[in-house]
Structures are given as C-alpha cells and as structure tokens.
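# Architecture and fold: a report
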Amino acid sequence: MPSTTPALTLADTLAARERIGSSIYLTPCTRSEMLSRITGQEVFLKLENLQMTGSFKERGALNKIATLTPDQGARGVVAASAGNHAQGVAYHATRRGIRAVIVMPITTPLVKVTATRGFGAEVVLHGANYDEACTEATRLCEAQGMTFIHPFDDPLVMAGQGTIGLELLEQIDNLEAVIVPIGGGGLIGGVACAVKELKPGVRVIGVQTSRLPSMQTAVRDHHPTTLDPATTIADGIAVRRAGEVTFPVVDKYVDEIVTVDEDEIASSILTLLEREKTLAEGAGATALAALLQQRTSLPKGMRTAVLVSGGNIDVTLLSRIIERGLVQDGRMIRLRIHLLDRPGALTDLTVIIARHRANIVDTLYNRAYYGVNLGDTTIDITMETRGREQVEELLAALTAEGYRHSRVL
C-alpha cells in the first residue's frame with residue numbers, strides 16, 4: 001500500500017485543461033492498421049512527439065507556469081533538465097514574458113543546449129549529471145527567490161500531463177487499454193488518474209527501460225528506492241528514483257509495469273520510422289516496444305492507445321539506432337570469410353554474394369590477424385540483405401562452396 005494519500009485528483013486535471021488547452025496542440029491519435037496486424041491489438045498512436053517542443057513535457061510545465069502569482073512570475077522560474085523538460089519550460093515561460101533559467105549538465109549535447117536557448121531560456125551548464133545540475137538549480141531558487149519547476153514530482157506538473165488521458169478518452173471510442181512510458185512517474189501518474197477516475201475498466205500499463213526500472217522497483221518495495229546509475233538510449237526516462245509525489249498515484253492507478261531492453265527500444269524506433277513515418281526518441285518508443293515484444297498481459301484484440309511521448313533524438317544516435325536495428329532484423333550482416341590469397345579469389349566470392357542479391361557496403365582485408373595461415377587471407381564483408389531468410393540462404397551457399405565463415409558481431 002502507498003505510504004501517503006495520492007496528491008492528484010481528477011479535478012486537478014480538469015482544471016489543468018482549462019488553463020492550458022488553448023496553448024497546447026491537440027495531438028492526433030489515429031489507428032495504425034500495420035501495427036494492429038503485427039501486435040494483434042487494435043493500436044492507436046497518441047503522437048505527443050508533434051508538440052511544439054517535440055514532447056509531452058510542455059503540458060506539465062505550462063500548467064505549473066500558469067499557476068504562478070504575479071510576484072512569482074516577476075522573479076522567474078528555474079528547472080534542471082538535459083532535454084525535453086528544459087525546452088517545455090523555456091518555451092512557455094518565454095511566451096508569457098517570464099524569465100527562465102535552465103541548469104543543464106555540462107555533458108548535455110550541444111543540439112539540446114542550442115534548442116533550449118532558442119526557446120528563450122538562460123542556460124547554465126553545471127555538474128556532470130542531472131543530480132548535480134538539480135542541486136545547482138535548487139541553490140539558484142533559494143538565492144534568487146525563483147520558482148523551481150520539477151520535471152515530474154509535482155502535482156501541477158502531473159495534472160498537466162494528465163490532460164493526455166482526457167484526450168484519449170475523447171479520441172478513442174470504447175478505449176480498453178493505455179500503454180505509457182515511465183521515468184519518474186509524472187506522465188503515467190497524470191494519465192492513469194484521469195483515465196481510471198473516468199473509466200475504471202481501462203487497463204493502464206507502464207513501460208520502463210530494463211536498465212533503470214525505478215518505478216517498478218518502488219511498487220515492488222512499496223517505497224521509492226535509488227538505483228545505481230546506468231546509461232540507456234531512452235534517456236528521457238532514465239530516472240534513478242521514482243518520485244515521492246508520483247509514486248502513490250502510480251501505486252493506486254497503474255495496473256502493470258513492464259520493462260524492455262535496449263535492442264527492443266531501438267527496434268521500436270525503427271518500426272515507427274519505417275511503418276508509420278513517425279520519429280520517436282528512445283523514451284518515446286518504449287510503450288510500443290512493450291507491445292511489439294508482447295511484454296504486457298493484454299489479451300488480443302483490445303483497443304489500445306500507445307503513447308509516443310517524444311521525438312527529440314540526436315541524429316547521430318538515430319543513425320546508430322537504425323544500423324543496430326537493421327542488424328537485429330537480419331537486414332545487415334557482417335561476415336568474416338577465409339580466402340586463398342590468389343588472383344580471382346575475391347571475384348569468385350562476390351559472384352556468390354551477387355547471385356543471392358546481397359549488397360556489399362564495406363570490406364576489410366586482413367593477412368596478419370585472426371590466425372590466418374600464410375598464403376591465406378580473411379575478409380570482413382558488411383552486406384545489406386532483405387532479412388534473415390536471405391542471410392541463411394547465403395550462408396548455406398558459402399558453406400556449399402567450401403568457404404569458411406563466421407558472423408562478426
């Protein structure tokens with residue numbers, strides 16, 4: 001049982017919608033025929049990646065900002081964030097003429113620092129991680145009398161995120177399930193409260209990265225616990241400790257919490273990009289990853305909303321994710337093949353590869369390593385293929401022709 005009474009009510013979320021409704025984009029929530037076929041569910045994608053700042057975070061930020069007194073507004077707001085929350089606070093504070101100071105870790109990618117400054121905030125780079133940046137933000141609050149806007153552990157922030165739940169019930173007739181990413185719990189807490197209070201029969205399922213299952217651990221242990229640091233491509237939900245305010249709400253309303261791993265998240269990003277022409281960041285793709293990997297206990301055929309919570313992803317990371325996803329799907333493979341070091345040996349090999357319609361994208365010769373005999377050589381060949389079936393056909397053909405080969409991971 002939760003240790004405290006939940007600090008969020010349906011009335012809070014309804015009030016939040018009145019405050020922010022005219023300033024927040026009503027994101028689409030459309031049925032995906034392709035994903036419905038793949039998963040066996042009736043899938044509706046709620047595209048919060050289409051918000052002005054590319055994430056749902058601006059809902060909660062704006063709801064908090066909209067409740068400031070004139071004196072608080074004059075003093076300004078401060079937040080600690082390395083990404084989406086920073087941009088949401090910066091954008092909406094600036095639009096209302098309120099000074100916004102965002103403390104970001106010094107390791108924050110330049111693209112995120114530039115985007116936050118572009119929305120009008122003063123950016124302070126401090127600390128090696130979020131915890132150190134948050135400590136500095138708290139110091140600035142106390143020193144300058146500013147208002148701190150927490151990324152999740154605040155009832156007003158949760159209420160703002162909960163407006164998504166109200167929209168889901170209006171956009172999807174006979175909604176039966178909602179799948180939501182979880183970091184600190186502000187998003188799923190707000191959504192779950194709104195949905196469950198209005199339609200208790202709807203199942204609410206949360207998804208975390210398996211590297212930082214902070215809320216899943218909190219529910220198991222009946223209190224928030226600080227986990228060891230870990231890196232993940234789902235950096236938007238990389239929270240080491242569930243919120244003290246959010247935990248009781250999640251504990252009361254959320255039916256199930258599951259986890260997905262890094263490769264599954266990467267594959268989900270690729271699926272959204274290829275099948276839905278939708279760009280999602282790591283955190284934004286975790287909900288779909290859980291559905292694609294059948295991690296939930298949902299029976300087939302349920303009308304299910306999947307929240308794509310954000311799309312702010314670094315292009316270099318995206319390129320690596322795409323490549324990794326191709327490898328996982330068997331559409332890119334690297335083989336190490338032993339050859340006689342003689343004229344025509346490479347030609348003979350490439351004829352076999354061409355015959356099986358694989359496309360060579362990279363090669364690397366080696367005569368000195370990997371235990372190669374004198375007079376022999378090895379070649380690492382990276383190829384694009386149509387999938388695992390084509391790969392197996394190619395491997396069988398190479399074996400039949402007497403080539404020694406192995407996969408390079």
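Residue positions are given per chain, counted from 1 along the sequence in the order it is written. In keeping with the model being predicted, local features are shown solely for residues with a pLDDT of at least 70 and side-chain atom pairs are shown and tallied solely at 80 or more, while totals for entire chains, interfaces and linings include all residues. Computation of side-chain values: all heavy atoms of the structure, hydrogens and water removed.

Take the domain arrangement of the protein chain next. Many descriptions give the size of an interface as the accessible area lost when the pieces come together. Under the domain assignment, the protein chain is made up of domain 1 (10-56 + 154-322), domain 2 (77-145) and domain 3 (330-407). Those domain boundaries reflect an automatic or database domain assignment. The centre of domain 2, based on its C-alpha atoms, is set 51 Å off from the matching centre of domain 3.

To pair, rings of Phe, Tyr and Trp, with the six-membered ring standing in for Trp, must have centres within 6.5 Å; the planes then decide the type, stacked if under 30 degrees apart, edge-to-face if over 60, and tilted in the middle. Applying the stated rule across the entire model yields one aromatic pair. Look at Tyr91 and Phe119: their rings are 5.5 Å apart centre to centre, the planes differ by 65°, and that puts the pair in the edge-to-face class. In this pair, Tyr91 sits in helix H5 (residues 84-95) while Phe119 sits in the loop between helix H6 (110-118) and strand E5 (122-125), placing the two residues 28 residues apart along the sequence. Accessibility here uses a 1.4 Å probe with only protein chains present; expressed as a share of the type maximum, an area under 20% marks a residue as buried, one over 50% as exposed, and anything in between as partly exposed. Under the relative-accessibility criterion, Phe119 is labelled buried at 17%. Helix and strand definitions here come from DSSP, where helices need a minimum of 4 consecutive H or I residues and strands a minimum of 2 consecutive E residues; each element is numbered from the N-terminal end.

Our next topic: the nonpolar core. Residues grouped as a nonpolar core are buried Ala, Val, Leu, Ile, Met, Phe, Trp, Tyr and Cys residues, joined through side-chain atoms within 4.5 Å. Among the nonpolar cores identified, the biggest contains 33 residues, and Leu168, Val178, Val191 and Met215 are the most heavily contacted of them. Mapped onto this core, the elements with two or more residues apiece are helix H8 (155-171), strand E7 (177-181), helix H9 (186-198), helix H10 (214-221), helix H11 (246-253) and strand E10 (303-308). The element contributing the most residues to this core is H9, with six residues. Ignoring any residue separated from it by four or fewer positions in sequence, one finds Met215 in contact with Ile182, Gly184, Gly185, Gln208, Ala242, Thr246, Phe247, Val250 and Ile257. Grouped together as the second largest cluster of nonpolar side chains are 32 residues, Ile179, Val207, Ala285 and Met302 included. A contact between two residues is defined here by any heavy atoms of the two lying within 4.5 Å.

A separate point is unusual backbone geometry. Despite not being glycine, Lys277 has its phi angle at roughly 55°, a positive value. Non-glycine residue Gln294 carries a positive phi angle of around 55°. Classification of Gln294 as exposed rests on a relative accessible area of 58%.

Time to look at H6. Because an α-helix packs 3.6 residues into every turn, residues spaced three or four apart end up facing the same way. Looking only at H6, the buried set comprises Lys112, Val113 and Thr116. When H6 is viewed along its axis, its buried side chains cluster within an angular range of 100° and face the same direction. For H6, the exposed residues lying more than 90 degrees away from the buried face are Leu110 and Gly118. Those residues of H6 that are buried lie in contact with H5, strand E4 (100-104) and E5. Here, the arc refers to the directions that run from the helix axis to the C-beta atoms.

Right, let's get into the pairing of strand E2 (residues 42-47). For E2, the buried fraction is high: five of the six residues fall into the buried class. We call two strands paired when DSSP finds no fewer than two bridges between them. Pairing analysis gives three bridges linking strand E1 (residues 29-31) to E2, with the strands arranged antiparallel. Paired with Cys29 across the strands is Lys46, a residue of E2. Sheet topology note: the E2/E10 ladder contains six bridges and is parallel. Within the sheet, the bridge partner assigned to Leu47 lies in E10 and is Val308.

Once that is clear, we can look at the environment of Thr271. Note on placement: Thr271 falls in helix H12 (residues 262-276). Between the alpha carbons of Thr271 and Leu288 there is a distance of 9.2 Å; along the sequence they are 17 residues apart.

For the rest of this paragraph, the subject is the sheet that holds strand E3 (residues 77-80). Pairing is parallel across the open sheet formed by four strands, whose spatial order is E5-E4-E3-E6. With partners counted over all chains shown, the strands left at the sheet margins are E5 and strand E6 (147-148), one partner each. Relative to E5, E4 is paired through four bridges, and the arrangement is parallel. The residue bridging Met104 from the neighbouring strand is Leu125, located in E5. Simply put, an axis is a line fit to the C-alpha atoms, just over the touching stretch for a helix, and the angle between two N-to-C directions goes from 0 to 180 degrees. The sheet strands contacting helix H7 (residues 130-144) are E3, E4 and E6, and the helix crosses E3 at an angle near 165°.

On to the pattern of salt bridges, then. One side-chain nitrogen of Lys or Arg within 4 Å of one carboxyl oxygen of Asp or Glu is enough to make a salt bridge. The full count for this structure, using the stated rule, is 21 salt bridges. A salt bridge links Arg31 to Glu42; the shortest N-O distance between them is 3.3 Å. Of this pair, Arg31 sits in strand E1 while Glu42 sits in strand E2; the two residues are 11 residues apart in sequence, bridging distant segments of the chain. The exposure class of Arg31 is partly exposed, given its relative accessible area of 39%. Between Arg342 and Asp348 there is a salt bridge, with its nearest N and O atoms 3.3 Å apart. A relative accessible area of 41% places Arg342 in the partly exposed class. The partly exposed category is assigned to Asp348, whose relative accessible area is 36%.

For the rest of this paragraph, the subject is the state of the cysteines. Sulfur atoms of two cysteines make up a disulfide when they are within 2.5 Å. This structure, assessed with the given rule, holds zero disulfides. Of the cysteine sulfurs around Cys29, a residue in no disulfide, the closest is that of Cys193, at 19 Å. On the basis of relative accessibility, which here comes to 10%, the residue Cys29 falls in the buried class. The closest cysteine sulfur to the non-disulfide-bonded Cys134 is located on Cys141, 9.0 Å from its own sulfur.

Turning our eyes to something else, we now look at the packing of helix H3 (residues 57-66) against H8. Contact geometry of H3 with H8 gives a least axis separation of 7 Å together with a crossing angle of 130°. If you check the angle between H3 and H8, you find them oblique. Relative to H8, the crossing made by H3 is right-handed. Contacts between H3 and H8 involve Lys57, Arg59, Gly60, Asn63 and Lys64 from the first element and Leu156, Val157, Ala159, Gly160, Gln161, Thr163, Ile164 and Glu167 from the second. Here the contact of H3 with H8 is composed, by residue class, of four nonpolar, five polar and four charged. Geometric relationships in this document are graded by angle, where less than 35 degrees denotes roughly parallel, more than 145 denotes roughly antiparallel, 65 to 115 denotes roughly perpendicular, and other angles denote oblique. Crossings are classed by handedness, with left-handed meaning an anticlockwise turn of the near helix from the far one by less than a right angle and right-handed meaning a clockwise turn. As a working rule, the residues Ala, Val, Leu, Ile, Met, Phe, Trp, Tyr, Cys and Pro are called nonpolar, Asp, Glu, Lys and Arg charged, and the rest polar, with Gly in that last group.

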